[in-house]
Number of protein chains: 2
Amino acid sequence: MKRKITLKQIARELDVSISTVSKALSGSKEISEDTTQKIQAFAKLYNYRPNNIALSLKNRKTKTIGILIPEIVHHFFSTVIRGIELVANKRGYNVIVGLSNESFTKEIINMEMLANGSIDGFILSISKETLLKQDYHHFNATINQGMPIVMFDRVVNEIKCDKVIVDDYKGSIKAVNMLIEKGSKNIALITTMDYVSVGKLRTQGYLEALEASKIVPDSNLILKIDDSLVDEDLEDLENEIEQFFKSNNKIDGVFAVNELYAVTAMKVARKLGLSIPDDIQVIGFTDGVLSKHATPSLTTVSQHGQKIGEQSADLLIDRLELEEDESLDYTDENERNENFKTIIIETEIIERESTK
Amino acid sequence: MKRKITLKQIARELDVSISTVSKALSGSKEISEDTTQKIQAFAKLYNYRPNNIALSLKNRKTKTIGILIPEIVHHFFSTVIRGIELVANKRGYNVIVGLSNESFTKEIINMEMLANGSIDGFILSISKETLLKQDYHHFNATINQGMPIVMFDRVVNEIKCDKVIVDDYKGSIKAVNMLIEKGSKNIALITTMDYVSVGKLRTQGYLEALEASKIVPDSNLILKIDDSLVDEDLEDLENEIEQFFKSNNKIDGVFAVNELYAVTAMKVARKLGLSIPDDIQVIGFTDGVLSKHATPSLTTVSQHGQKIGEQSADLLIDRLELEEDESLDYTDENERNENFKTIIIETEIIERESTK
DNA sequence: TTGTACGCGTTATCAC
DNA sequence: GTGATAACGCGTACAA
C-alpha cells in the first residue's frame, strides 16, 4: 500500500528541492529539460497528484459548491442536483450536499458546517420551517461573510442574492387556460398552505386566469392541504380529496400544484366513477415520474429542474470567478448589491392523456 | 462585509500570540482565566469558527465522505444518499456527491478528482459501463492508496472492500413464491441484461423459486430488456412487453426486476383487457413512488435504500476511525484484508393491490 | 538553472 | 501563563 506521494517525497527521492519539483511538474521552463523530464517521469510513475486540500488552503478557495435542499428523495430536487453537478463538473467544481429535511435548525447547522471554509458558495432552496418562521438571519450572515448564495425555487425577495425561479404564476395561468380552452367550466384548485411561496404564486395564477376569462372564482372550489399533516399519509389525502369532490360535484377540471395531488385526484375521480379526461380533466404542476407513468398519464406543467440547476450553478460560478478579479477593491460597498440577478425559468406544458 | 476572522486577526487585535488565542479558545487551562475570558468573548463577538480546510490539512483528514453513484434522479439512489447523509451528519461528516451517469470514464474522473485529498473514503455503486467492461483498476488503485471504499448494491466480489448488498436472490424467491401461493401458474419474468449483477441474481432467484415448486421454467416466459436501448423511450418498452404478452397469453403472474417494468406491464395488461390482480398478478422489485401511487398500487420487494445508506456510512466511518488508532504499525499487510465485511440487507415484501 | 523563504490557518510541542 | 516554532502540502517571489 503506497500512500499518496507528495512534492516533498519526490524532492527527497530525486535529490532536488521541492520548488524545483513543483516547477518541473507545472512545466515551467525555468527548469532544465533534463531535470524536468526526470521529475515528470518519476511523478507519473508514482501517480503524483497535487493535494486538493493544500491547494484550497493556499488559494483560499475550494472549488466546491455547497448544495442545501430540504429533501433529496424528491424528483424535482434530484433533477436540480443533476443540473448543478453537470455544470459544476464541467467548470471544475465539486458538489457537496446537505439536507435540511425541511427543518430550520438543520438548515442552520448545515450552513455553519459548510461555511467554515469547506465551500466557495451555496446553492440552496429554503426549508418550509424557515419560510414559516420567516427567520433568514443565517442567510444574511453567510452573505455578509462574503460567501455568495444562489437561491432557487423557494426564495424570498428580501435576501440580497442571485435567484433562479420558476414562473409559477405564469405556468399556472397557462395550465388553467388550457383547461378552460378544452371545455372545463368548473375548475378546482388543489394547493398547499400559503406560506410556501410557490403555492401562493400558483394559487394567484389560478385566480387570475379565471378572472381573465370572466369566470368568478368560487372559494368552494379551492382545497388547501396542510401537507405538514398529510405528507406520507396517503389515505388522509385521498379522503380529503374525496370529500372535496363529493361536496362539489360540478367540478369538471382540476389544477393541482404538484403531481401527487394531481395523481391522487385522478385516483379519487375514477373511484367516483368519473372518466378522465371526458368527465374531468386534470393538470398537475411539477413534472416527474408519477405524471409520466400514471394511468392515464398526466398533463403537467414542467419546471425544468435540471435547467434550474444548471443556471444556478452558472450564476454562482460566474460570481465566484468574477470576485476573483475584483477581489481587493470595493470603492462602493453598495455597488455589489445592485448586481443580483433573478433568472426566471419558463414553464412548459406537457400534454398527456389527462386532458382532452 | 466582515470576512471570516482568523486566529491571527484575533491575536493581533488583542495583542497576544496566536497560540495563546488557540489555547484559550480550546479551553486550555494553561491560559489565565482573565485572558481566556477576554479572548472567548472577542471570538464569540466576531463569530470565530476554525477553518475546516486548515484543520483538514493539519489532521490529514477531511471528515468528508465521497458518494459516487450512477444516477441521482432515481428513487433508490436518492434514498441511499438520504441514509448516508443521515448517519454521516450525526457522526460529524459531510457528504460530497459525484455522478458517473453510468459512464466508465466519468466514474474514473470523479474518483480521481475526489481522491486527491478531498475526502476520507468512498461509498459507491458501480456504473453499468464499468460492470460491462469489467475493468476495476480504479477501485483497486484507490484502495491501494489507503483510501477505504464501501460498495453498495452493485458490487463485484473481487474487490477487497466492505460491501452492503440487498438480498436480491432471496427477495426474488420470496416474490415468486408469493405469486405461486396466490395461484399464479405461469409466471413471467421481466428483467435486464445479465451484466448488471443484481439483474442476474434476481433472475436466479426466480428460477430457483420455480424449481423449488416443481415448476419447469420456460424460457419463453423470460423477457430480457436491453435498457441501454430503451431507457427513456417508454413506447419501445411498452411495445416490447406487449409483444411478449401477446405471444404468451397464458401468463397469469409477472415478476419484474424494477418498478418501471412492473408498472408498464400493468399498463399493457390492462390495455389487453386483463384485470389485475384477478387475471394477472404483478410484483416488482425496488419500492418507489411509482409502486405506491400506481393504480392499482403495486406489490413490491422493498430494498430499504435508506438502511443501505446508513449501514454503508457506518461501515465506512467505523473503518476510518479504526484506522486512526492502528494507523502506524501494520506487521502483517494481509491482516487488513481479512476484515472486510459484507452486510446483507433483508428485503421485505410490501403487499398492495396488484396481488390477490 | 536551481534553491530559499514565505504564507495559507491550525494545533502541538517546547522554551521562556 | 505566554509565546515562538514546526508541521500539514503547495506555489511562487525572490535570491543565488
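Keep in mind the model is a prediction, meaning the values are calculated, not measured.

**Considering a positive patch on the surface**
Taken together, the side chains of Arg3(A), Lys8(A), Arg12(A) and Arg60(B) present a region of like positive charge at the surface. With respect to the element layout, Arg3(A) can be found in the segment before helix H1 (7–14). Arg3(A) gets classed as exposed once you look at its relative accessible area, which sits at 55%.

**Focus: the protein's contact with DNA strand D**
Looking at DNA strand D, there are 26 residues lining it, with Leu7(A), Lys8(A), Tyr48(A), Thr20(B) and Lys23(B) nearest. Counted by atom, the contact set of DNA strand D within 4 Å of the protein is 59% sugar and phosphate. The separation between a phosphate oxygen of DNA strand D and a polar side-chain atom of Thr35(B) is 2.8 Å. Every element with two or more residues in the surface near DNA strand D is listed here: H1, helix H2 (18–25) and helix H4 (52–59) of chain A together with helix H2 (18–25) and helix H4 (52–59) of chain B. Broken down by class, the residue content of the surface near DNA strand D amounts to eight nonpolar, nine polar and nine charged.

**Section: the packing of aromatic side chains**
Residue and element names in this part refer to chain A. In the structure shown here, the tally under the stated rule is 13 aromatic pairs over all chains. Centre to centre, the rings of phenylalanine 244 and phenylalanine 245 are 6.1 Å apart; their planes meet at 35°, and the pair counts as tilted. A residue is classified by how much of its surface remains accessible, and phenylalanine 244, at 6% relative accessible area, is buried. Among the aromatic residues, those joined into a cluster by ring pairs are Phe76, Phe77 and Phe152. Between the NZ or CZ atom of arginine 202 and the centre of the ring of phenylalanine 285, over which it lies, the distance is 3.8 Å.

**Considerations on the domain arrangement of chain A**
Residues and elements named next belong to chain A. As assigned here, chain A comprises domain 1 (60–166 + 306–345) and domain 2 (168–304). Spacing between the C-alpha centres of domain 1 and domain 2 amounts to 31 Å. Contacts between the two partners involve 13 residues from domain 1 and, on the opposite side, 13 residues from domain 2. In terms of surface lost to domain 2, no three residues of domain 1 exceed His75, Lys128 and Val166, which account for 45% of the buried area on that side. Inspection of the region where domain 1 meets domain 2 yields zero salt bridges. Where domain 1 packs against domain 2, one counts five residue pairs in polar contact (both at pLDDT 80 or more).

**Some thoughts on the protein's contact with DNA strand C**
In the vicinity of DNA strand C, 26 residues are found, and the nearest of them are Ser19(A), Thr20(A), Lys23(A), Lys8(B) and Tyr48(B). Backbone atoms, meaning sugar plus phosphate, form 62% of the atoms of DNA strand C positioned within 4 Å of the protein. Lys23(A) has a polar side-chain atom sitting 2.2 Å from a base oxygen of DNA strand C. Between DNA strand C and Ser32(A), the relevant distance is 2.8 Å, taken from a phosphate oxygen to a main-chain nitrogen or oxygen of the residue. Elements with a contribution of two residues or more to the surface near DNA strand C: H2 and H4 of chain A together with helix H1 (7–14), H2 and H4 of chain B. Ranked by residue count, the leading element in the surface near DNA strand C is H2(B), at four residues. Grouping the amino acids of the surface near DNA strand C by side-chain chemistry returns nine nonpolar, nine polar and eight charged.

**A closer look at the pattern of salt bridges**
Tallied over the full model, the rule gives 37 salt bridges over all chains. Between Lys106(A) and Glu85(B) there is a salt bridge, with its nearest N and O atoms 3.4 Å apart. You can see Lys106(A) sitting in helix H6 (residues 104–115) and its partner Glu85(B) sitting in helix H5 (residues 75–90), one on each of two chains. A relative accessible area of 24% means that Lys106(A) is categorised as partly exposed. Residues Lys246(A) and Glu242(A) are paired through a salt bridge, measuring 3.1 Å at the closest nitrogen-oxygen approach.

**Observations regarding the nonpolar core**
Within the largest apolar cluster, 142 residues are counted, with the highest numbers of intra-cluster contacts made by Ile190(A), Phe245(A), Phe255(A), Ile190(B), Phe245(B) and Phe255(B). Not counting chain neighbours up to four residues away, the residues in contact with Phe245(A) comprise Ile251(A), Val254(A), Ala265(A), Val268(A), Ala269(A), Leu272(A) and Ile280(A). If you look at the next biggest cluster of nonpolar residues, it comprises 42 residues, including Met111(A), Ile119(A), Ile165(A) and Met111(B).

**Remarks on the pairing of strand E6 (residues 187–192) of chain A**
All names here are of chain A. Of all six residues in E6, six are buried; the element is thus mostly enclosed. The pairing of E6 with strand E8 (residues 253–256) spans four bridges and is parallel. Bridge pairing links isoleucine 187 to glycine 253 in E8. In this structure, E6 lies alongside strand E7 (residues 222–225), joined through four bridges in parallel fashion.

**Quick word on the UniProt feature "domain: HTH cro/C1-type" (unreviewed entry) in chain A**
As annotated in UniProt, the feature "domain: HTH cro/C1-type" (unreviewed entry) corresponds to residues 2–53 of chain A in the numbering used here. In residues 2–53 of chain A, helix accounts for 60% and strand for 0%; the two terminal C-alpha atoms are 19 Å from one another.

Analysis parameters
Residues numbered from 1 in each chain as written. Chains lettered and ligands numbered in written order. Predicted model: local features only at pLDDT ≥ 70, side-chain atom pairs only at ≥ 80, totals over all residues. Heavy atoms only, no water. Patch = residues over 30% accessible without salt bridge, like charges linked within 9 Å, V, L, I, M, F, W, Y side chains within 5 Å. Areas by Shrake-Rupley, 256 points an atom, 1.4 Å probe, with all protein chains shown as cover. Salt bridge = Lys/Arg side-chain N within 4 Å of Asp/Glu carboxyl O. Lys, Arg positive; Asp, Glu negative; His and termini not counted. Charge placed at Lys NZ, Arg CZ, Asp CG, Glu CD. Helix = DSSP H or I, 4+ residues; strand = E, 2+ residues; numbered from the N terminus. Buried < 20%, exposed > 50% of the residue type's maximum accessible area, 1.4 Å probe, protein only. Near = heavy atom within 4 Å. Polar contact = N/O pair within 3.5 Å; in protein donor to acceptor, adjacent residues only side chain to side chain. Nonpolar A, V, L, I, M, F, W, Y, C, P; charged D, E, K, R; others polar. Phe/Tyr/Trp six-rings, centres within 6.5 Å; stacked < 30°, edge-to-face > 60°. Lys NZ or Arg CZ within 6 Å of the ring centre and 35° of its normal. Domains from an automatic or database assignment. Contact = heavy atoms within 4.5 Å. Buried area = accessible area lost by both parts, 1.4 Å probe. Core = buried A, V, L, I, M, F, W, Y, C linked by side-chain atoms within 4.5 Å. Pairing = 2+ DSSP bridges. UniProt positions renumbered as here; feature names shortened; annotations may be inferred.

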